[in-house]
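Take a look at the letters that make up each chain.
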Amino acid sequence: GDSEAPRTAFLKYAGPASPCHISFLSSRTNEAMVQVLAPLLPVARLLGVPLLDFDVYEQTRDSSAISKDLIPAVTSWLLEQMAT
């Protein structure tokens, strides 16, 4: 029969290669922020001070890869929602 699309959805990344919360922003935004923060990142690492995960993102640079997976999943879910 007709099944209704779920009204809520959850996408979970697990494991050591999971993205940080910065990974979900655009790569252009992240690259600009890393460039601005670049002089502070080594000092922050040395002192153990997190910089909103830009220190992590500088190592992973995974925004483009995350968006390739995430955008189609979200788009598909939204289209299902609009059809119901």
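Attention here is on the structure that accompanies the text. Only a predicted model underlies this, so the values are computations on that prediction, with no experimental measurement involved.

**Quick notes on the side chain of Asp62**
Logical step 1: Within the fold, Asp62 resides in the loop between helix H3 (54–60) and helix H4 (63–83).
Logical step 2: We note that Asp62 is buried and unpaired, the nearest opposite charge coming from Arg61 at a distance of 9.3 Å.

**Observations regarding the environment of Arg7**
Logical step 1: Following the sequence through the fold, Arg7 ends up in the segment before helix H1 (27–37).
Logical step 2: Sequence separation between Arg7 and Glu80 is 73 residues; the distance between their C-alpha atoms is 9.3 Å.
Logical step 3: The contact partners of Arg7, leaving out residues within four places of it in the chain, are Trp77, Gln81 and Thr84.
Logical step 4: Here Gln81 takes part through its side chain, which lies 2.8 Å from a polar atom of the side chain of Arg7.

**Concerning the environment of Leu78**
Logical step 1: Looking at the secondary structure, you find Leu78 in helix H4.
Logical step 2: The spacing of Leu78 and Pro6 is 72 residues in sequence and 10 Å in space, taken between C-alpha atoms.

**Quick notes on the pattern of salt bridges**
Logical step 1: Scanning the model with the defined rule gives 2 salt bridges in all.
Logical step 2: The partner of Arg45 in a salt bridge is Glu58, and the shortest N-O contact between them spans 2.2 Å. In this pair, Arg45 sits in helix H2 (residues 41–47) while Glu58 sits in helix H3, placing the two residues 13 residues apart along the sequence.
Logical step 3: Look at Glu58 and you get partly exposed, because its relative accessible area is 22%.

**Some points on the side chain of Ser23**
Logical step 1: Within the secondary structure layout, Ser23 lies in the segment before H1.
Logical step 2: Those residues within four positions of Ser23 in sequence are excluded, and the remaining contacts are Asn30, Tyr57, Asp62, Ser63 and Ile66.

**Some details on H4**
Logical step 1: The terminal C-alpha atoms of H4 lie 29 Å apart, and with 21 residues this matches the ideal 30 Å at 1.5 Å per residue to within 8%.
Logical step 2: Along its length, H4 reaches its greatest deviation from straightness, about 25°, at Leu70, and the proline Pro72 lies no more than four positions downstream.
Logical step 3: Every buried residue belonging to H4 is among Ser63, Ile66, Leu70 and Gln81, and all of these are buried.
Logical step 4: Structurally, H4 contributes buried residues whose contacts are with H1 and H3.

About the cut-offs
- Residues numbered from 1 in each chain as written.
- Predicted model: local features only at pLDDT ≥ 70, side-chain atom pairs only at ≥ 80, totals over all residues.
- Heavy atoms only, no water.
- Helix = DSSP H or I, 4+ residues; strand = E, 2+ residues; numbered from the N terminus.
- Buried < 20%, exposed > 50% of the residue type's maximum accessible area, 1.4 Å probe, protein only.
- Lys, Arg positive; Asp, Glu negative; His and termini not counted.
- Salt bridge = Lys/Arg side-chain N within 4 Å of Asp/Glu carboxyl O.
- Contact = heavy atoms within 4.5 Å.
- Polar contact = N/O pair within 3.5 Å; in protein donor to acceptor, adjacent residues only side chain to side chain.
- Expected span 1.5 Å × (residues − 1).
- Bend = angle between axes of the 7 residues up to and from the residue.

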